[in-house]
Amino acid sequence: METDDKTLVERILKGETDEFRHLMRRHGGTLLAFIEGITHSREEAEDILQEAFVCAYRSLHQYNIKTASFATWLHHIAYHQALRQRKKRRLPAFSWDEDERLLATATEWDTNEEAIEATEERMKLLDNAISHLPDYDRTLLQLYYEKDLPLKDIAYILDSEAGILASRLRRIRDRLRKTLTHHKK
């Protein structure tokens, strides 16, 4: 049976430092994908992931399970490590690949060529509109729609409040909807 994060953290804090490798294995893939979405670069993401794990290890005594799940706490650290790295190296914002998944799904549903072309065009417009959003808004969209995180966890990661993020998501969706509707006409 797999040991839960809380138990592993308790063991590590009691001196069983080798247990941290279990946490790295468990959360590494998800964090790497998250960071790679911010950096556009697998190599940069791997470097940032290592820095995030080192920071998490050093700060483990500060982790509070009542504040956030361990995974959310790690995402918080990784997000801020990625921002620091971007500032240092002037890396571009994350890429939005959700449109490719939606396009693949739409293609499975409909074999009508005109419908497929219309969907492809709409996805290109959406991708373009999203690429012009501020970094913070794109990250919020990634965490909410791609990572499917609850607003409470996203608020923790982004140092915000769930209500504020809910309002911001509504404004972003409205802005994207207007952009797509305007382009349709």
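Above: the structure in question.
This is a predicted model, so every value here is computed, not measured.

(A) Looking closely at the pattern of salt bridges. By the definition in use, this model includes 10 salt bridges. Connected through salt bridges with shared partners, the residues Glu 2, Asp 5 and Arg 26 form a single ionic network.

(B) Structural context of the packing of aromatic side chains. According to the stated counting rule, one finds six aromatic pairs in the structure shown. With a centroid separation of 5.4 Å and an interplanar angle of 90°, the aromatic rings of Tyr 63 and Phe 70 are classed as edge-to-face. Here Tyr 63 falls in the buried class, since its relative accessible area comes to 13%. Ring geometry for Phe 70 versus Trp 73: centroids 5.6 Å apart, planes at 40°, classification tilted. Pair noted here: Phe 70 and Trp 73 are both in helix H4 (residues 70-89), with a separation of three residues, about one helical turn. The burial state of Phe 70 is the same as that of Trp 73; both residues are buried. Here the aromatic residues Phe 20, Phe 53 and Tyr 57 are joined through ring pairs into a cluster of three or more.

(C) View of the side chain of His 75. Relative to the elements of secondary structure, His 75 occurs in helix H4. Accessibility expressed as a relative area gives 6% for His 75, which makes it buried. Excluding residues within four positions of it along the chain, His 75 makes contact with Thr 30, Leu 31, Phe 34 and Ile 157.

(D) Expanded view of the side chain of Thr 39. With respect to the element layout, Thr 39 can be found in helix H2 (residues 20-39). Side-chain polar atoms of Thr 39 contact the backbone oxygen of Ser 41, separated by 3.0 Å.

(E) Expanded view of the nonpolar core. Counting 46 residues, the largest nonpolar core has Ile 35, Phe 70, Ile 154, Leu 158 and Leu 176 as its most contacted members. Secondary structure elements with two or more residues in this core: helix H1 (5-13), H2, helix H3 (42-59), H4, helix H6 (113-131), helix H7 (135-146), helix H8 (151-158) and helix H9 (162-184). Sequence-distant contacts of Leu 158, defined by excluding residues within four places in its chain, comprise Tyr 79, Tyr 136, Thr 139, Leu 140, Leu 143 and Leu 165.

(F) Layout of H1. Within the sequence span of H1, burial applies to Asp 5, Leu 8, Val 9 and Ile 12. Seen from one end, H1 has its buried residues packed into an arc of 100°, which puts them on one side. Where H1 ends, the next residue or the one after it, Gly 15, has phi of about 115°, a positive value.

(G) Quick look at unusual backbone geometry. We note that Asp 148 has phi near 60°; this positive angle belongs to a residue other than glycine. Within the secondary structure, Asp 148 is located in the loop between H7 and H8. Not every positive phi belongs to a glycine, and Asp 159 is a case in point at roughly 55°. Structurally, Asp 159 can be placed in the loop between H8 and H9.

(H) Inspection of the environment of Ile 65 at higher detail. Along the chain, the position of Ile 65 falls in the loop between H3 and H4. When the C-alpha atoms of Ile 65 and Lys 6 are compared, they prove to be 7.5 Å apart, with 59 residues separating the residues in sequence.

(I) Examining the packing of H2 against H3 more closely. Put simply, H2 and H3 touch, their axes get as near as 8 Å, and they point 135° apart. Taken together, the axes of H2 and H3 are oblique relative to one another. Remark: the crossing between H2 and H3 carries right-handed chirality. When H2 is examined against H3, the residues Phe 20, Leu 23, Met 24, His 27, Gly 28, Leu 31, Leu 32, Ile 35, Glu 36 and Thr 39 are found in contact with a partner set consisting of Arg 42, Glu 44, Ala 45, Glu 46, Ile 48, Leu 49, Gln 50, Phe 53, Ala 56 and Tyr 57. For the contact of H2 with H3, the residue count by class is 12 nonpolar, four polar and four charged.

(J) Expanded view of the environment of Tyr 145. Secondary-structure assignment places Tyr 145 in helix H7. Within the structure, Tyr 145 has its side chain in polar contact with the side chain of Arg 173 (distance 2.7 Å).

Cut-off values and rules
- Residues numbered from 1 in each chain as written.
- Predicted model: local features only at pLDDT ≥ 70, side-chain atom pairs only at ≥ 80, totals over all residues.
- Heavy atoms only, no water.
- Salt bridge = Lys/Arg side-chain N within 4 Å of Asp/Glu carboxyl O.
- Phe/Tyr/Trp six-rings, centres within 6.5 Å; stacked < 30°, edge-to-face > 60°.
- Buried < 20%, exposed > 50% of the residue type's maximum accessible area, 1.4 Å probe, protein only.
- Helix = DSSP H or I, 4+ residues; strand = E, 2+ residues; numbered from the N terminus.
- Contact = heavy atoms within 4.5 Å.
- Polar contact = N/O pair within 3.5 Å; in protein donor to acceptor, adjacent residues only side chain to side chain.
- Core = buried A, V, L, I, M, F, W, Y, C linked by side-chain atoms within 4.5 Å.
- Arc of directions from axis to C-beta.
- Axes fitted to C-alpha atoms, helices over the stretch in contact; angles between N-to-C directions.
- Parallel < 35°, antiparallel > 145°, perpendicular 65-115°, else oblique.
- Left-handed = near helix turned anticlockwise from the far one by under 90°.
- Nonpolar A, V, L, I, M, F, W, Y, C, P; charged D, E, K, R; others polar.

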